[in-house]
Amino acid sequence: NNKQRIQDAQIKTTERLASFSPQYRGPGKQEVFPAFADANRVLLATHSRLMWYRYDTNQLTVLHEGQGVYYGIFPGEELDLMGAPTTVWVVSRPHNWRPTTANEWLLKLDINTGEELDRVKIDSHFTHDVVRSKGRVYIANTGKGEIIEMSFPDMTPVRSMELFTLKQHINTLAPTPT
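Residues numbered from 1 in each chain as written. Predicted model: local features only at pLDDT ≥ 70, side-chain atom pairs only at ≥ 80, totals over all residues. Heavy atoms only, no water.

Caption draft 1: Local environment of the environment of D129. With respect to the helices and strands, D129 occurs in strand β8 (residues 127-133). Within the structure, D129 has its side chain in polar contact with the backbone nitrogen of L173 (distance 2.8 Å). (Helix = DSSP H or I, 4+ residues; strand = E, 2+ residues; numbered from the N terminus. Polar contact = N/O pair within 3.5 Å; in protein donor to acceptor, adjacent residues only side chain to side chain.)

In structure tokens:
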């Protein structure tokens, strides 16, 4: 019966899609991009913009701009039906040259439209990275020589660890999966 074959095919397709588990094969980055159908694009944080780069078409699309320098990216907890993130968090800090403010922020953005959904002020200066590992967020506070640990998703400070100096200039964080 044709109707039964179609129904069986739909069930198999749903089971196959449900079996996917997105992974990024980088140390400390298993909760980030790319995921599923968007594996043809990379999210770039620059000194003036947050952009999607599609490497299959060599196309740039601005997701967010006008908030200073962007550093570090991690996905929010919201997921679509396929399990891919629908929000992203990114650090926004003042430009190095003649800044108009000293405030640094974590911005929560819609991953497709760039709409700002939340903004959390961070007690950091010259931030160079932010990563998420399970229920924690770690911020490289390069200007103060520390790593700030915050709980996720409520973004409340947990502790501050003074581990280096500004001269040592820490750029990147990569927590281990355990």
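Caption draft 2: Looking closely at the sheet that holds strand β10 (residues 146-151). Across the sheet, which stays open at both edges, the four strands sit in the order β8-β9-β10-β11 with antiparallel pairing between neighbours. The open sheet has two edge strands with one neighbour each: β8 and β11 (157-162). Strand-to-strand twist in this sheet, taken as the mean axis angle between neighbours without regard to direction, amounts to 15°. Two elements, β8 and strand β9 (residues 136-141), share six bridges in a ladder whose sense is antiparallel. When the bridges of β9 are listed, D129 appears paired with A140. (Pairing = 2+ DSSP bridges. Axes fitted to C-alpha atoms, helices over the stretch in contact; angles between N-to-C directions.)

Caption draft 3: How the structure looks around the side chain of S92. The residue S92 is located in strand β5 (residues 87-93) in this model. A polar contact of 2.3 Å, which involves the side chain of S92, links it to the backbone oxygen of Q67.

Caption draft 4: Fine view of the packing of aromatic side chains. Within the structure shown, the criterion is met by two aromatic pairs. For the pair F74 and W89, a centre-to-centre distance of 6.2 Å together with 10° between the ring planes defines the contact as stacked. Here F74 is found in strand β4 (residues 69-75), whereas its partner W89 is found in strand β5, with 15 residues between them in sequence. In this pair, the class of F74 matches that of W89, namely buried. On the basis of an interplanar angle of 80° and a centroid distance of 5.9 Å, the ring pair of F74 and F152 is categorised as edge-to-face. Highlighted residues: F74 in strand β4 and F152 in the loop between β10 and β11, separated in sequence by 78 residues. A single burial state applies to F74 and to F152, both of which are buried. (Phe/Tyr/Trp six-rings, centres within 6.5 Å; stacked < 30°, edge-to-face > 60°. Buried < 20%, exposed > 50% of the residue type's maximum accessible area, 1.4 Å probe, protein only.)

Caption draft 5: Examining the pairing of strand β6 (residues 104-110) more closely. Buried residues dominate β6, accounting for five of its seven residues. Judged from the six bridges that link them, β5 and β6 form a sheet pairing that is antiparallel. The residue bridging V91 from the neighbouring strand is L106, located in β6. As defined by bridge partners, β6 adjoins strand β7 (residues 116-122) across six bridges and the pair is classed as antiparallel. Residue pairing for β7: L106 is matched across the bridge by V120. The antiparallel pairing of β6 with β7 creates a hairpin that spans five residues between the two strands, and G114 there sits at a positive phi of about 80°.

Caption draft 6: Representation of the pairing of β5 within the structure. Among the seven residues that make up β5, seven are buried, leaving the element largely enclosed by the rest of the structure. Alternating positions in β5 separate into two faces, T87, W89, V91 and R93 on one and V88, V90 and S92 on the other, with burial throughout. Inspection of the sheet shows β4 paired to β5 by six bridges, in the antiparallel sense. Considered in β5, the bridge of I73 is made with V90.

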